[in-house]
Amino acid sequence: MNCFFTVVGLCLCIFVFCALYRAIFGPGVFNRVAAISAIGTKTLVLLLIFGLLYERVDMFIDISMVYALLNFIGCVAAAKYLESQGGIE
Amino acid sequence: MTLMILMAIICLLGGLFFFATATIGLLRFPDFFTRLHATGKGDTLAVFLSLLGLAFYEGFSLTGLKIVIIAVFMFIAQPTATHAISRAGMRSGLTPWMKEKKEQ
């Protein structure tokens with residue numbers, strides 16, 4: 001079972017790096033915000049898998065919960081700021 | 001016990017598949033709105049399936065309950081964030097992508 005979790009975590013790492021390409025080279029601010037939100041979502045699952053691998057889920061689950069809240073609040077705050085800012089490029 | 005582990009493996013593989021489709025959509029689609037369409041829906045379902053699988057693996061305990069709480073929160077929060085960022089893009093003047101005609 002540990003081997004299966006390791007494979008799932010490695011696949012998630014590959015997806016994070018694929019989304020990082022969009023976050024770095026993506027044209028405009030909005031593509032970057034969408035890519036950062038997707039990266040945060042993948043990191044949330046990755047943290048729980050780390051917790052299962054290290055046998056300390058009870059500690060990692062609180063970190064994961066805080067990460068979910070911060071990801072949501074950051075995305076909504078960036079949307080509000082960019083909406084009030086007006087122009088994009 | 002074995003049934004729970006089997007359910008966990010099936011749910012995690014389903015979540016991994018939807019993560020893969022969301023990432024491919026984020027890389028390959030031509031426009032901001034189409035990319036947001038791929039990553040908004042795909043990531044929501046993938047997070048729900050993955051966390052459900054981890055909760056199946058963990059079993060009935062406080063940790064499993066917390067994982068289910070995170071899954072429900074993400075199921076509400078992710079479409080809200082997607083809607084907010086897409087409305088900000090629409091109001092600040094991004095135009096949706098159109099397929100151009102061959103003539104012209």
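It should be noted that the structure appears before, not after, this text.
**Q** Can you break down the interface of chain A and chain B residue by residue, with the values?
**A** Taken together, the contact between chain A and chain B spans 37 residues of the former and 35 residues of the latter. For the side of chain A that touches chain B, the secondary-structure elements that each account for two or more residues are α1 (2-25), α2 (29-54) and α3 (57-85) of chain A. Split by residue class, the side of chain A that touches chain B holds 26 nonpolar, seven polar and four charged.

**Q** Pulling in residues and values, what's your account of the nonpolar core?
**A** Residues A:Ala34, A:Ala38, A:Cys75, A:Ala79 and B:Ile85 are the most contacted members of the largest nonpolar core, which totals 47 residues. Elements supplying a minimum of two residues to this core: α1, α2 and α3 of chain A together with α1 (2-28), α2 (32-58) and α3 (62-91) of chain B. Looking at this core, the element that brings in the most residues is α2(B), giving 11 residues. Those residues within four positions of B:Ile85 in sequence are excluded, and the remaining contacts are A:Phe30, A:Val33, A:Ala34, A:Cys75, A:Ala79 and B:Leu36.

**Q** Tell me about the packing of α2(A) against α2(B), and please be specific about residues and values.
**A** Between α2(A) and α2(B), the least distance of the axes is 10 Å, while the angle of their chain directions is 10°. Looking at the two axes, α2(A) sits roughly parallel to α2(B). For the pair formed by α2(A) and α2(B), the contact residues are A:Phe30, A:Asn31, A:Ala34, A:Ala38, A:Thr41, A:Leu44, A:Val45 and A:Leu48 on the first element and B:Phe32, B:Arg35, B:Leu36, B:Thr39, B:Asp43, B:Val47, B:Ser50 and B:Leu54 on the second. Looking at the contact of α2(A) with α2(B), its residues break down into 10 nonpolar, four polar and two charged.

Conventions and cut-offs
Residues numbered from 1 in each chain as written. Chains lettered and ligands numbered in written order. Predicted model: local features only at pLDDT ≥ 70, side-chain atom pairs only at ≥ 80, totals over all residues. Contact = placed C-beta atoms within 7 Å. Helix = DSSP H or I, 4+ residues; strand = E, 2+ residues; numbered from the N terminus. Nonpolar A, V, L, I, M, F, W, Y, C, P; charged D, E, K, R; others polar. Core = buried A, V, L, I, M, F, W, Y, C linked by C-beta atoms within 7 Å. Buried ≥ 20, exposed ≤ 12 C-beta atoms within 10 Å, placed from the backbone. Axes fitted to C-alpha atoms, helices over the stretch in contact; angles between N-to-C directions. Parallel < 35°, antiparallel > 145°, perpendicular 65-115°, else oblique.

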